[in-house]
2 protein chains.
Amino acid sequence: MTSPPVVAVDVGGTKIRAGSVIDGVVDHLREVPTPAAAGARAILGTIAEVARRVIRDTEVSTPDASTPTWRIGIGSAGVIDPDTGTVVSATDSLAGWAGTALTAEITARLGAETRAVNDVHAHALGEALAGAACGTQSSLLVAAGTGIGGGFIAENRLLTGRHAAAGHIGHLPVAAAQGLPCPCGGMGHLEAIASGPAVLSAYHRAVGDQGPGGPRVSTTRELAELADSGEAPAQRAFEQAGRALGSALGGVANVLSPEVVVIGGGLSGAGELWWVPLREAFETELIPAVRGLSLRPAQLGQDAALIGAASLWSSGRVSTDETTMTSSGELQ
Amino acid sequence: MTSPPVVAVDVGGTKIRAGSVIDGVVDHLREVPTPAAAGARAILGTIAEVARRVIRDTEVSTPDASTPTWRIGIGSAGVIDPDTGTVVSATDSLAGWAGTALTAEITARLGAETRAVNDVHAHALGEALAGAACGTQSSLLVAAGTGIGGGFIAENRLLTGRHAAAGHIGHLPVAAAQGLPCPCGGMGHLEAIASGPAVLSAYHRAVGDQGPGGPRVSTTRELAELADSGEAPAQRAFEQAGRALGSALGGVANVLSPEVVVIGGGLSGAGELWWVPLREAFETELIPAVRGLSLRPAQLGQDAALIGAASLWSSGRVSTDETTMTSSGELQ
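Residues numbered from 1 in each chain as written. Chains lettered and ligands numbered in written order. Predicted model: local features only at pLDDT ≥ 70, side-chain atom pairs only at ≥ 80, totals over all residues. Heavy atoms only, no water.

Draft legend 1. Geometry of the domain arrangement of chain A. All names here are of chain A. Parsing chain A into structural domains produces domain 1 (6-126 + 301-311) and domain 2 (135-297). With centres defined by C-alpha atoms, the gap from domain 1 to domain 2 works out at 27 Å. With both chains or domains summed, domain 1 and domain 2 bury close to 930 Å², and 79% of this area falls on carbon and sulfur atoms. The three residues of domain 1 that bury the most area against domain 2 are Val120, His121 and Ala124, which together make up 51% of that side's buried surface. Every element with two or more residues in the side of domain 1 that touches domain 2 is listed here: β5 (79-81) and α3 (119-130). The element contributing the most residues to the side of domain 1 that touches domain 2 is α3, with five residues. Looking at the side of domain 1 that touches domain 2, its residues break down into eight nonpolar, two polar and one charged. (Domains from an automatic or database assignment. Buried area = accessible area lost by both parts, 1.4 Å probe. Helix = DSSP H or I, 4+ residues; strand = E, 2+ residues; numbered from the N terminus. Nonpolar A, V, L, I, M, F, W, Y, C, P; charged D, E, K, R; others polar.)

Structural data, given as structure tokens:
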């Protein structure tokens, strides 16, 4: 393995997670809250600070090693152009993030060469390199959580698309979401029925749980507990979200025919209540030519985005060619 | 231009069309009915015969030229694996076509090296090389006619997918088709509301035009004439098909973010009645990051598949790299 040591950073709406990735092993993890409301300068400062700490931790733990030339690999929320390293656009959850010259700013702060890609795209690269899609040349990774994003890899290359905007699987129109507003401003998109917040909203609609005392459950996690305890409306909210996602992914599989579809993100921990209708709906939609397509849970958890971000330095910009990486976590 | 002279053959369910493609110019066109019910041997014999005639016509018209080494490029209905040159699967409209070793059989008959790809994939290659997507690196071609197929090109490479099955855009589940059976055996797919036969069926459902005397209109062309003459149910059938296609393509554009979406196939001649709702629905679905995406009519008509099939010999298997081709038709 000749890839340089990388500090990989996963920049999300609520937290920034970073670790060293050396010879494919993720280590010296750190996690801090994202100063999401404080603007781009604060976020950049936090990224630089956490990266500095990872470098220091790594160098302290291997004092005999000569100081290496570190590189920085970032997977960030927002539409990230990997060619220019800029934030093309971002939702309001990261104030002022759109337009940030992400890689240039981090290089200026750390003196280290930096590459960046969208966080879900990094996730897809990670699972393709070392996770559930390892060994395939084409895969579709779907992260279902606060939003529903995707990353499609064909012939070992991540598809980033015009304006680096590819992967917005949550914005497929679907029958189950008809009439429901989508965070993008549109109507009837998958995300409006199948994201975490959408599951919660569906439950609130079903039980009328929006009285003056406020809703009885306010997080997807609480709702999952209710569902596990057998509450029917909570169960139905997850079932309907799983079914909508499975159906949409079956349709996308008919269009892309990848070797494998990998499902990650927070909702993928929701259990059989969500997975069973998801699988069923997925398989129902597949045309004969595509049948037998493998649908798998993601394997690397939060490390996927770090491994994917680090791979920007080991296997070409957004390629999974000629690289063997392993996670320090689930795979070893 | 150093590409060899190619006989390009477009094998459809009703007709086989062939022509020479030399230095990017399509010429010496021939068209014969497909012996679709007579089995693979008959179809292969017809392909070989029409290719022989094109070669003879070309050589007669240029008697001074030394006899070139001809290659054969085929775009065929059915799922075609371009690596093996076999028909992976096909609908019943081509009896016994599935399983045919297409390129090997044609080489055996003609003594000429042969390459093959799916006909809609050939169409996509043709439009990318010399038509509406010329000059782009990524494009989505959709052919809307008897079925609804697609070809997606990214980084100048046609995506063929696992089992060469990519491109089945007609088999996206869509709200407008809920409850309608799809030719694939599934339910509620785009093709069930937006293909030519689906438009006809929608009209028949709307007017109850299925009495003992049989339906008043029995082809999409007749229905288009009725719509042009102002009959409201005929107009609504086209409008609803256009809207369903546009909405689905907007969703796919959010996932793939190509540089351009190109619409061809028989329905693309249906006029503003179909195009206006198609464009409107397409643009309505686009997320901000994808907005401004160009939606264009195909330019090359039936020559697209020939140019695409010929390109299998000039620009790598399914690539549009380093090739400049022009149509002998609309572009000159």
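Draft legend 2. Quick look at the relation of the copies chain B and chain A. Superposing chain B onto chain A requires a rotation of 180 degrees together with a translation of 0.0 Å along the rotation axis, leaving an RMSD of 0.0 Å. One copy is carried onto the other by what is essentially a two-fold rotation axis. Nearest to the rotation axis, the C-alpha of alanine 175 of chain B is located 2.0 Å from it, this being the minimum over chain B. Mapped onto chain A, 100% of the interface residues of chain B are again interface residues, and the two copies thus contact each other with one and the same surface. (Least-squares fit on C-alpha atoms with pLDDT ≥ 70 in both. Contact = heavy atoms within 4.5 Å.)

Draft legend 3. Structural view of the interface of chain B and chain A. Chain B puts 41 residues into the contact, and the matching count from chain A is 41 residues. For the chain B and chain A pair, buried surface summed over both sides reaches about 3100 Å², with 58% attributable to carbon and sulfur atoms. Inspection of the region where chain B meets chain A yields two salt bridges. When the shortest N-O distance is used, the salt bridge between arginine 157 of chain A and glutamate 155 of chain B registers 3.1 Å. Along the contact surface separating chain B from chain A lie 16 residue pairs in polar contact (both at pLDDT 80 or more). Broken down by secondary-structure element, the contributors of at least two residues to the side of chain B that touches chain A are β9 (148-154) and α7 (232-256) of chain B. Here the element with the most residues in the side of chain B that touches chain A is α7 of chain B; it accounts for six residues. Of the residues belonging to the side of chain B that touches chain A, the class tally is 21 nonpolar, 13 polar and seven charged. (Salt bridge = Lys/Arg side-chain N within 4 Å of Asp/Glu carboxyl O. Polar contact = N/O pair within 3.5 Å; in protein donor to acceptor, adjacent residues only side chain to side chain.)

Draft legend 4. How the structure looks around the pattern of salt bridges. Residue and element names in this part refer to chain B. Counted under the stated rule, the structure contains 20 salt bridges over all chains. A salt bridge links aspartate 57 to arginine 30; its shortest N-O distance comes to 2.9 Å. Of this pair, aspartate 57 sits in helix α1 (residues 40-61) while arginine 30 sits in strand β3 (residues 25-33), and the two are 27 residues apart along the sequence. A salt bridge links glutamate 113 to arginine 71; its shortest N-O distance comes to 3.5 Å.

Draft legend 5. Representation of the side chain of glutamate 191 of chain A. By the secondary structure assignment, glutamate 191 of chain A is in helix α4 (residues 191-194). It turns out glutamate 191 of chain A is buried and unbridged, and the closest side chain with the opposite charge, arginine 291 of chain B, is 13 Å from it. Apart from residues no more than four positions distant in its own chain, glutamate 191 of chain A is found in contact with Gly147, Ile148, Gly170, His171, Cys182, Pro183 and Ala198 of chain A. (Buried < 20%, exposed > 50% of the residue type's maximum accessible area, 1.4 Å probe, protein only. Lys, Arg positive; Asp, Glu negative; His and termini not counted.)

Draft legend 6. Spatial organisation of the environment of valine 142 of chain B. All names here are of chain B. As for its placement among the helices and strands, valine 142 is situated in strand β8 (residues 139-144). Between the C-alpha atom of valine 142 and that of glycine 45, which follows or precedes it by 97 residues, the distance is 30 Å. Here valine 142 is in contact with Ile148, Gly149, Gly150, Ile169, Leu245, Leu249, Val262, Ile263 and Gly264, once residues within four sequence places are set aside.

Draft legend 7. Structural context of the sheet that holds strand β4 (residues 71-76) of chain B. Residues and elements named next belong to chain B. If you trace the five strands from one edge of the open sheet to the other, you get β3-β2-β1-β4-β7, paired in mixed fashion. Across the chains shown, the open sheet's two edge strands, defined by having one partner strand only, are β3 and β7 (114-118). Within this sheet the neighbouring strands show an average axis-to-axis angle of 20 degrees, counted without direction. By the bridge criterion, five bridges tie β4 to β7 in an arrangement that is parallel. Bridged to isoleucine 74 within β7 is alanine 116. Along the sheet, α1 makes contact with β1 (6-11), β2 (15-22), β3 and β4, crossing β3 at roughly 145 degrees. Each of β4 and β7 is contacted by helix α2 (residues 102-110), which is oriented at about 145 degrees to β7, the strand it contacts most. (Pairing = 2+ DSSP bridges. Axes fitted to C-alpha atoms, helices over the stretch in contact; angles between N-to-C directions.)

Draft legend 8. Representation of the side chain of aspartate 10 of chain A in the model. Residue and element names in this part refer to chain A. Looking at the element boundaries, aspartate 10 is found in strand β1 (residues 6-11). For the buried aspartate 10, no salt bridge is present, and the opposite-charge side chain at shortest range is arginine 17, 5.8 Å distant. Excluding anything up to four places from it in sequence, aspartate 10 contacts Lys15, Ile16, Arg17, Gly75, Asp119, Gln302, Ala305 and Leu306.

Draft legend 9. Seen up close, the confidence of the model for chain A. Across chain A, pLDDT averages 92, with 91% of residues at or above 70. Low pLDDT, under 50, characterises residues 322-332 of chain A; the predicted model gives this stretch 35 contacts beyond four residues in sequence or across chains. (pLDDT = per-residue confidence, 0-100.)

Draft legend 10. Here's a closer look at helix α5 (residues 196-207) of chain A. Residue and element names in this part refer to chain A. The terminal C-alpha atoms of α5, which comprises twelve residues, lie 17 Å apart, in line with the 16 Å expected from a rise of 1.5 Å per residue. Burial in α5 covers these residues: Gly196, Ala198, Val199, Leu200, Ala202, Tyr203 and His204. Buried residues along α5 sit in contact with α4, α6 (220-228) and α7 (232-256). Just beyond α5, the residue with positive phi is glycine 208, at close to 60 degrees. (Expected span 1.5 Å × (residues − 1).)

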